[in-house]
Amino acid sequence: MNPRKQRFYIAAAAVLALVALAWSLLGSPVVLWHNHQLKSALTGLTDTTITLEQAVPFSWDEVYTFAPYTPVEEIQQVIGAQSYNLREAQSEGMLQLVFLDEGAVTAAICGFPAELGYEIVFPDAAGTDPGPITHGEDISFTVERTEGVVRLTAA
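Residues numbered from 1 in each chain as written. Predicted model: local features only at pLDDT ≥ 70, side-chain atom pairs only at ≥ 80, totals over all residues. Heavy atoms only, no water.

What about the side chain of Glu-53?
This is how the line gets drawn: Each helix is a run of DSSP H or I of at least 4 residues and each strand a run of E of at least 2, with the numbering of both proceeding from the N terminus. For every residue, the accessible area obtained with a 1.4 Å probe (protein chains only) is divided by the maximum for its type, and the residue is called buried under 20%, exposed over 50%, and partly exposed between those limits. The positive count covers Lys and Arg only, the negative count covers Asp and Glu only, and His and the chain ends enter neither. In what follows, salt bridge is the name for a side-chain nitrogen of Lys or Arg lying within 4 Å of a carboxyl oxygen of Asp or Glu. Any N or O atom pair separated by 3.5 Å or less is treated as a polar contact, with the protein-specific requirement of one donor-capable and one acceptor-capable atom, and with residues adjacent in sequence counted only for side-chain atom pairs. Every residue pair with non-hydrogen atoms within 4.5 Å of one another is taken to be in contact.
Within the fold, Glu-53 resides in helix H3 (residues 52-55). Among buried Asp, Glu, Lys and Arg side chains, Glu-53 stands out as unpaired, with Arg-151 the closest opposite charge at 18 Å. Here Glu-137 takes part through its backbone nitrogen, which lies 3.4 Å from a polar atom of the side chain of Glu-53. In this structure the side chain of Glu-53 is engaged in a polar contact, spanning 3.4 Å, whose partner is the backbone nitrogen of Asp-138. Beyond its immediate stretch of four places on either side in the chain, Glu-53 contacts Trp-60, Thr-134, His-135, Gly-136, Glu-137 and Asp-138.

Here we look at the sheet that holds strand S2 (residues 62-65)
Applied cut-off: In this analysis, strands are considered paired if DSSP registers two or more bridges between them. Note on geometry: axes are C-alpha line fits, over the in-contact stretch for helices, and angles between N-to-C directions span 0 to 180 degrees.
A sheet is described by the order of its strands in space; here four strands give the open sequence S4-S3-S2-S6, paired in antiparallel fashion. Looking along the sheet, the strands with just one partner apiece sit at the ends: strand S4 (104-111) and strand S6 (133-134). Bridge count for strand S3 (residues 95-101) against S4 is seven bridges, and the pairing is antiparallel. Across the sheet, the residue bridging to Leu-97 is Ile-109, located in S4. Of the strands in this sheet, S3 and S4 touch helix H2 (residues 29-43), which is tilted by about 55° from S4.

Everything listed here is a matter of coordinates, which is why it stays silent on function.
In structure tokens:
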């Protein structure tokens, strides 16, 4: 094989390996971009009531919330998808949201509301897991801003 071609193939393999490593450490760039878009959209809300369909600036079919300490494996089993962007909420009070679009994770949020700048409180059926909210349910959320955190609470 030509030494020039050999160097090209080695360089291409190295670039692909670096991209794969970055993807596994940071997750999907699309998910990271949607996380950023969600933060910008929610922290900039001025309405007093809104639906997720109106507030979320990217395409989604379902959104799930999970209790702190829910293992990533359990999250993946519930949502039926895998993603390097999924994390386990390691403390009480952390917000855990997973948005899906056509069965793929399109946004994955895990953090404290004070750090995120927002919080979404789902409707809760007697303290049990409410299951996902699906696009088109048009559930109204009350929007309140307290101490720099925008809180959306299901009405």
